[in-house]
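Listed below are the residues making up each chain.
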Amino acid sequence: MIKVTVWNEFCHEGVWKQPNVLEHYPDGIHKYLESFLKDEFEVTTVTLYEADGTLNENAGITRELLDNTDVMLWWGHCTHHMVPDEAVAMVADAVRRGMGIIFLHSAHHSKLFKTLMGTSCNLHWRESEDKEYLWVIDPSHPIAEGIPEHVTIPMEEMYGEPFGIPEPDKLVFIGSFSPGEVFRSGCCWRREYGKVFYFQPGHESHPTYHIPEIQKIIKNAINWAYSSYRVAELTCPNVEKPQD
C-alpha cells in the first residue's frame, strides 16, 4: 500500500471549534480525508495543533515520518507562519528526494508551497457561497481518470487569477465561478525527483471533500504522485572522467 501522510493545521475544527466547520468535519479535515482514503492507502495523520491548543513540536514533522511517507497531503489556512522553518526545509528536501506532495486549497500560501514554487503564490479570493464548475482540461492525465468533463461544486470559496505560480508542467483542471472568475485549480510540477500537485477546492466551511468526484481526484493524485524511487541524500559530487 502507498503510505500517505495527511498534515492539517487543525485550527478551525480543533482549536477554535467553529460550528460551520465542525458541521462538515467534526473530527477534523485530516480525519475526514483519512476516512475515504484508508481503504486504498496506509494513512497517517499529523496536525500542527492538538484539539486542546497544544502546539506540536516542529509541526509534527520528523525525518522518521518523512522516510515512511510516499505521498503527503498538506492542508493549511490561517497559521502558515507557525510552521517552523526547520519543518519546511525537511519536507521540501523529502519532496526533492522523491516524496510526492499534494497541496490542498489554502495551502497555496504555506511556507512549504512557496518554498517549492519560488514565487509569491498570491491570488484573488472571496469567501462566499459561489458555485464552482471544475473543468477537466486534460482528460488523458492520470489525475483526471474517471472524472466527467466537469464537476459541479455547489458552494466554494472563490479563488481567481492571477495566480502567482510558475507555469505548471501540466494543467489538469480549471475552475470557473458563478460570477465569472476563473482559476488554475489543478496544477502539476516536478521538483527534482518529487511530484507536486496543487488542488484548489476544499474550503473548510463547505462540504467539498464529501463530493465523490473530489475524493476520486485526490485518490488519483496520490497514485500519480507516488514513486518508489527515493534518493537518500541530494549531493553534488565531483566525479572522475570515465575511462574508455
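Refer to the preceding data block for the structure.
Residues numbered from 1 in each chain as written. Predicted model: local features only at pLDDT ≥ 70, side-chain atom pairs only at ≥ 80, totals over all residues. Heavy atoms only, no water.

A. Region of interest: unusual backbone geometry. Between E161 and P162 the backbone carries a cis peptide bond, its omega angle lying at 5°. With respect to the secondary-structure elements, P162 resides in the loop between strand 6 (150-160) and strand 7 (170-177). Located in the positive-phi region is F10, a residue other than glycine, with phi close to 60°. Turning to its location among the elements, F10 is positioned in the loop between strand 1 (3-8) and helix 1 (11-15). Judged by its relative accessible area of 10%, F10 falls in the buried class. (Helix = DSSP H or I, 4+ residues; strand = E, 2+ residues; numbered from the N terminus. Buried < 20%, exposed > 50% of the residue type's maximum accessible area, 1.4 Å probe, protein only.)

B. Structural view of the environment of H80. Examined against the element boundaries, H80 turns out to sit in the loop between strand 3 (71-75) and helix 5 (85-96). What makes H80 buried here is its relative accessible area of 14%. Taking the C-alpha atoms as reference points, H80 and E9, 71 residues apart in sequence, are found 8.3 Å from one another. Non-local contacts of H80, meaning those with residues more than four positions away in its chain, are made with E9, S106, A107, H109, S110 and K111. (Contact = heavy atoms within 4.5 Å.)

C. Spotlight on helix 5. Here helix 5 contains twelve residues, and its C-alpha end-to-end distance of 16 Å stays within 8% of the 16 Å for a straight helix at 1.5 Å per residue. A87, V88, V91, A92, A94 and V95 are the residues of helix 5 that are buried. Down the axis of helix 5, the buried set is contained in an arc of 160°. They therefore lie on one face. Among the exposed residues of helix 5, those pointing more than 90 degrees away from its buried face are D85 and E86. Buried-residue contacts for helix 5 involve helix 4 (63-67), strand 3, strand 4 (100-104), helix 6 (111-117), strand 8 (182-191) and strand 9 (194-199). Residue G98 follows helix 5 closely and has a positive phi angle near 135°. (Expected span 1.5 Å × (residues − 1). Arc of directions from axis to C-beta.)

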